[in-house]
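Below, each chain spelled out in residue letters.
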Amino acid sequence: MKDLLSKESLLVLLGNGGVGKTTVAAALGLAAADAGLDTALITVDPSRRLRDALGLRKPGLRPHSLSAARLCAAGLKPHARLSAVMLDVRGMWDDLVEHLNGDDATRQRILANLFYQRFTEHFPGSETYAAFEQLYRLEQSHSFDTLIVDTPPAAHALEFLDAPGRISRLLRTRGLNWLLKPPLAVTALAARFAGRAARLVADQLERFTGSSALSDAADFFATATHMLSEVEDRFARVSRLIKAPRTKFVLVTTAETQRMAQTRRLIAELKARRLRLGAVVINRFADEPTCSAVAEGSPHEPLHLREIAALRDLAQAPSSTPAMRELIEYLDDYREHAQERMEEVARFARDLPSGVALALLPELPSEVGNLRGLFQVSGRLTAACQRRPERSAL
Ligand SMILES: Nc1ncnc2c1ncn2[C@@H]1O[C@H](COP(=O)(O)OP(=O)(O)OP(=O)(O)O)[C@@H](O)[C@H]1O
Ligand SMILES: [Mg+2]
């Protein structure tokens, strides 16, 4: 993980909803700052506690720097520099429109357009694109050594990767005219093609806007025609940055079998798209001692789990009570579950491409919402990656 945190590195956190992306992004931000890198963290919809900890009052476009006193109090070295911004999806799109070439009246007309407003709020991927755009802007500003971008909650992490392409395709369908003016006067072949294209566009539109808004859509495309090529050019530049060698993806997952399978598929997808995987973080993995044993590659089952095995004899003893037997059964189930997770993670570690760091984070006793707690998590991230847990602690 240490290699990931270097000058000019860009880290993109990716993972399914609720696995801990925002938490890990913030922890990595602290680790990078503590390593002496002037770091900017782009965070998406953080919990209230985390927002307070980072001193973020509302979404915005410019990162604000955390005070040295706040960072020192959390345990970071003096002179550590960390800035953070909470993604402002609508603000980012509006700003993009403001900065595109065009006269003032056109820009105002787009901003007031109902289709545009719904598009920026509801189109799948519009939030994601805003995160990319924020990353691109900070990179262009050359103000920071390291950029870390959290990503919006997505039921499926791949939605994130598909977002720019999907938006680009929608905007490119200026054949929306076909939808609004049925092609009566064209040849039969063109009519068939146009009909199909129109249906495709209509399907996409109906996913986030009602048919009553079609006139707004028509107005949007008519007004924005000259700007759309600029928008596409922008998408292309942002996509190039995402594919650049210094951009690394950090996948966050949990250790359930289904999640691990999704993570394997995601790794394959990244490879197919020639995107670089830097690290995998398995979050909420078992309890602290189990997590440490696996992270250190210990060949032995952790002591506390072995002790549970020893309790079995006690359950058989004539003096045991039903309550005792129930408790021992519960602990035994816990041990079995922990063993399954350890095996799962050991298999996962063996299959992981070389050069990709693997970090394990345990289930923590409480929500991680303050800087000191996050900094402790960041210590685990950097330390855990010194060694790959290739052997199961069984
Ligand atoms: N290792 C952990 N132990 C205990 N709680 C954790 C751990 N990691 C994260 N959490 C808590 O789980 C919740 C979800 O974490 P987080 O917001 O980081 O997930 P996320 O992947 O960003 O979610 P979303 O997809 O909704 O954005 C938070 O309340 C966070 O404090
Ligand atoms: Mg999040």
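Colleague: If you had to explain the overall build of the protein to someone new, which residues and values would you point to?
Modeller: When its secondary structure is counted, the protein shows 16 helices and eight strands. Sequence-distant contacts in the protein: of pairs separated by 6 or more residues, those separated by 24 or more amount to 79%. Split by element, the accessible area of the protein, about 19,100 Å² in all, is 52% carbon and sulfur.

Colleague: Summarise the site of ligand 1; cite the residues concerned and give the values.
Modeller: Taken together, 15 residues are adjacent to ligand 1, and Gly 18, Gly 20, Lys 21, Thr 22 and Thr 23 come closest. With respect to ligand 1, the side chain of Lys 21 contributes an N or O atom lying 2.7 Å from an oxygen atom. At 2.5 Å, a side-chain N or O of Thr 23 approaches an oxygen atom of ligand 1. Relative to its free-state accessible area of 630 Å², ligand 1 is covered by the protein chains to the extent of 81%. Here the shell around ligand 1 is composed, by residue class, of five nonpolar, six polar and four charged.

Colleague: Can you break down the packing of helix 4 (residues 89–99) against helix 5 (residues 104–112) residue by residue, with the values?
Modeller: At a closest axis distance of 9 Å, the pairing of helix 4 and helix 5 adopts a crossing angle of 155°. If you check the angle between helix 4 and helix 5, you find them roughly antiparallel. For the crossing formed where helix 4 meets helix 5, the hand is right-handed. On helix 5, the residues that touch Arg 90, Asp 94, Val 97 and Glu 98 of helix 4 are Arg 107, Gln 108, Ile 110 and Leu 111. Residues belonging to the contact of helix 4 with helix 5 are distributed by class as follows: three nonpolar, one polar and four charged.

Colleague: How would you summarise the nonpolar core if you had to cite specific residues and measurements?
Modeller: Inside soluble globular proteins, nonpolar side chains tend to come together where they are buried. Within the largest apolar cluster, 66 residues are counted, with the highest numbers of intra-cluster contacts made by Trp 93, Val 280, Ile 282 and Phe 285. Tallying contributions element by element places helix 11 (residues 214–243) first for this core, with 10 residues. If we skip the residues at most four places from it in the chain, Ile 282 touches Thr 253, Thr 254, Ala 255, Met 260, Val 345, Phe 348, Leu 358, Ala 359, Leu 360 and Leu 361. The next biggest cluster of nonpolar side chains, apart from the first, holds 42 residues, and it includes Leu 30, Leu 66, Met 86 and Ala 279.

Colleague: I'd like a description of the pairing of strand 4 (residues 82–86), backed by residues and values.
Modeller: Buried residues dominate strand 4, accounting for five of its five residues. Two elements, strand 2 (residues 39–43) and strand 4, share five bridges in a ladder whose sense is parallel. Among the inter-strand pairings, Leu 41 is bridged to a residue of strand 4, identified as Ala 84. As paired strands, strand 3 (residues 64–65) and strand 4 are joined by two bridges and run antiparallel to one another. The residue bridging His 64 from the neighbouring strand is Ala 84, located in strand 4.

Colleague: Please provide a residue-by-residue account of helix 12 (residues 257–272), values included.
Modeller: For helix 12, which comprises 16 residues, the first-to-last C-alpha distance of 23 Å matches the rise-based estimate of 22 Å (1.5 Å per residue) to within 8%. Along helix 12, the residues that are buried comprise Met 260, Gln 262, Thr 263, Leu 266, Ile 267 and Leu 270. Buried residues along helix 12 cover an arc of 155° about the axis, so they all sit on one side. Residues Gln 258, Arg 265 and Ala 272 are exposed on helix 12 and point more than 90 degrees away from its buried face. Phi turns positive, to about 60°, at Arg 274, one or two residues after helix 12.

Conventions adopted
Once a new chain begins, its residue numbering starts again from 1 and follows that chain's sequence as written. Following the order in which they are written, the chains are lettered starting with A and the ligands numbered starting with 1. Side-chain atom pairs in this predicted model are given and counted only at pLDDT of 80 or more, local residue features only at pLDDT of at least 70, and totals for whole chains, interfaces and linings cover all residues. Note that the side-chain values use all heavy atoms of the structure and ignore hydrogens as well as water. Secondary structure elements follow DSSP: runs of H or I of four or more residues count as helices, runs of E of two or more count as strands, with numbering from the N terminus. The contact criterion used throughout is that any non-hydrogen atoms of two residues lie within 4.5 Å. Throughout, the Shrake-Rupley method with a 1.4 Å probe supplies accessible areas, and for residues the shown protein chains are the sole cover considered. In this text, near means that some heavy atom of the residue lies within 4 Å of the molecule or strand in question. Polar contact criterion, stated in full: a pair of N or O atoms within 3.5 Å, where within protein one must be able to donate a hydrogen and the other to accept it, and residues adjacent in sequence count only if both atoms are side-chain atoms. Side-chain classes are defined by residue name, with Ala, Val, Leu, Ile, Met, Phe, Trp, Tyr, Cys and Pro counting as nonpolar, Asp, Glu, Lys and Arg as charged, and the others, Gly among them, as polar. For helices, the fitted line uses only the C-alpha atoms of the stretch in contact; every axis is such a line through C-alpha atoms, and the angle between N-to-C directions lies from 0 to 180 degrees. Under this scheme an angle from 65 to 115 degrees is roughly perpendicular, one under 35 degrees roughly parallel, and one over 145 degrees roughly antiparallel; angles in between are oblique. Each crossing gets its hand from how the near helix is turned against the far one by less than a right angle, where anticlockwise is left-handed and clockwise is right-handed. The criterion is simple. A nonpolar core is a set of buried Ala, Val, Leu, Ile, Met, Phe, Trp, Tyr and Cys residues joined through side-chain atoms within 4.5 Å. Relative accessibility under 20% of the residue-type maximum defines a buried residue, over 50% an exposed one, and the middle range a partly exposed one, all with a 1.4 Å probe and only protein chains included. When DSSP finds two or more bridges between a pair of strands, those strands are recorded as paired. Take the residue count of a helix, subtract one, and multiply by 1.5 Å to get its expected span. This arc is built from the directions going out from the helix axis to the C-beta atoms.

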